[in-house]
Structure formats: structure tokens, C-alpha cells
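# An overview of the molecular structure
Okay, here's what each chain looks like letter by letter:
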Amino acid sequence: HRSSGGGAEVVNPDVNPATRTTDAPATTLARRVLAELEAAGVAHCHWKSNDHLLAALGGDTDIDLLVDGQRIDDVYRIFAGHGLRRGRVAATRTEMGLEDFLGHDETTGALVHFHTHYRLVTGERHLKRYRLPWEPAVLASAVRSDAGVLVPHPSVEASLLLIRAALNLIGGAFNLLPVEAHM
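Here is a short report on the structure shown in this document. Note that the coordinates shown come from a computational prediction; the quantities given were computed from them, not determined experimentally.

When you go through the protein residue by residue, the secondary structure sums to 6 helices and 9 strands. Classification of the 183 residues of the protein by burial places 40% in the buried group. A separation threshold of at least 6 residues defines the contact pool for the protein, and within that pool the share at least 24 residues apart is 57%. With an accessible surface of roughly 9,500 Å², the protein has 55% of that area assigned to carbon and sulfur atoms.

Shown next as C-alpha cells:
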């Protein structure tokens, strides 16, 4: 958080620098949905690609949302209440704990895409072969970004980024159990 005085800038160390902004209107569809999830007590956070968070909130890219799988029915209800529709999803993506929801933001005209995860799966692009069974820890670490939405604590986000990068670099050579073994 920034100081408004004439002195040195004071920054909250728990906020990712890429998500800092002074513009945090609660008028976009994405922000309204996230605010309702929070009001309903549904644990959630924008869990990856937080360097593109503002673009995601504006509808320029997808929103990578991790939600508490125990509360998925509440997520569905909130999404439906905001006019979000479930995208056509291959059965394997749903089994992995990943669903797409799309909606039209009448305020901005943007198509909003919630890439909704209730399991942390990762791997090569378009081939998510590994499950990281850390959803409760990631959700429990969530802190509010200066953009006004919840994101993993920077140390957790950095750890996830390094693990995901390693898996992408070495692909199938990394000796982890495939997604199916963790279901």
C-alpha cells in the first residue's frame, strides 16, 4: 500500500509488485464475481500469471482462479447468478478439477473467462499431467493485492512458479506421480 504523504513510498511486502495499482473499481463483472465469492466465504485466489492480473480483471486474458473444491456448488451458484456459463469441457479437464466459465461484461463489453481450478494441476502447455496437492495451503496463504483481489502469498506464488517452470522444462522426465494417481 502506498503512502499519500510527501515522504518515501511505503509498500506492503505481502503484495505482489506486478499487481499494484491505484485503480480498483468494483464495477467489472470479474470484480463483482470475486467480491461475491469472498462475501459468501468461498476461499479463492487468482493463483497464477499474476503479472497479468489487471489484464485478466479487464477481460483481456483469462482469470486463473483457484477455489475451494468443497464449495464448488456455491461457486456454480455465484457464477450462474452473474450470467456466467460453463464452457464446453472435455471430461478429462473436469476430472482434473478444471472448468471454464464465460460471461459478457456489460460494463466493459469484454468477454470474461474464468479458468476455474479446484485442484492444482500443471505440466506442459495443453497437457496438465501433474497434480500438486496443496490447494488448502495456497488458499490459506492468500493476501489481498493492491488490485483488490486475493492472490497467493508472494513466497507461495514464487514456489509454485518455480515448480511449474521446472515441470515445463523437463516435461515427463520429472519423477512425480501423474494426475490420475492423486485423484
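A few words now on the packing of helix 1 (residues 29-39) against helix 3 (residues 72-81). Look at helix 1 against helix 3: their axes get within 10 Å of each other, and the N-to-C directions meet at 145°. For the element pair helix 1 and helix 3, the recorded crossing hand is right-handed. From helix 1, V33, E36 and L37 reach across to helix 3, where they touch V75, R77, I78 and F79. Taken together, the residues of the contact of helix 1 with helix 3 break down into 5 nonpolar, no polar and 2 charged.

Further remarks concern the sheet that holds strand 2 (residues 63-67). In spatial order, the strands read 1-2-5-4-3; together these 5 strands make up an open sheet with mixed pairing. Strands at the two margins of the open sheet, each flanked by one partner only, are strand 1 (44-46) and strand 3 (85-86). Taken together, the 3 bridges between strand 1 and strand 2 define a ladder with antiparallel strand orientation. Within strand 2, the position partnered with H46 by the bridge is L65. In the packing of helix 1 onto the sheet, contacts are made with strand 1, strand 2, strand 4 (98-104) and strand 5 (111-117), and the angle to strand 5 comes to roughly 35°.

What follows concerns the packing of aromatic side chains. Within the structure shown, the criterion is met by 3 aromatic pairs. A centroid spacing of 4.8 Å and a plane angle of 65° characterise the contact between F79 and F101, whose relative ring orientation is edge-to-face. On the criterion of sequence distance, the pair formed by F79 in helix 3 and F101 in strand 4 is long-range, its members being 22 residues apart. For the pair F79 and F101, a shared accessibility class is recorded, and that class is buried.

Let's shift gears to the nonpolar core. Ranked by size, the top nonpolar core spans 25 residues in total, and within it V33, L37, L65, F79 and F114 carry the most contacts. Those elements that place two or more of their residues in this core are helix 1, helix 2 (53-57), strand 2, helix 3 and strand 5. Considering every element that reaches this core, the biggest residue donor is helix 1, with 5 residues. Not counting residues up to four positions away in its chain, the partners in contact with F79 are V33, L37, L65, L84, F101, F114 and T116. By size, the runner-up hydrophobic cluster in this structure holds 9 residues, among which are L132, L139, L150 and L160.

Definitions and limits used
Residues numbered from 1 in each chain as written. Predicted model: local features only at pLDDT ≥ 70, side-chain atom pairs only at ≥ 80, totals over all residues. Heavy atoms only, no water. Helix = DSSP H or I, 4+ residues; strand = E, 2+ residues; numbered from the N terminus. Buried < 20%, exposed > 50% of the residue type's maximum accessible area, 1.4 Å probe, protein only. Contact = heavy atoms within 4.5 Å. Areas by Shrake-Rupley, 256 points an atom, 1.4 Å probe, with all protein chains shown as cover. Axes fitted to C-alpha atoms, helices over the stretch in contact; angles between N-to-C directions. Left-handed = near helix turned anticlockwise from the far one by under 90°. Nonpolar A, V, L, I, M, F, W, Y, C, P; charged D, E, K, R; others polar. Pairing = 2+ DSSP bridges. Phe/Tyr/Trp six-rings, centres within 6.5 Å; stacked < 30°, edge-to-face > 60°. Core = buried A, V, L, I, M, F, W, Y, C linked by side-chain atoms within 4.5 Å.

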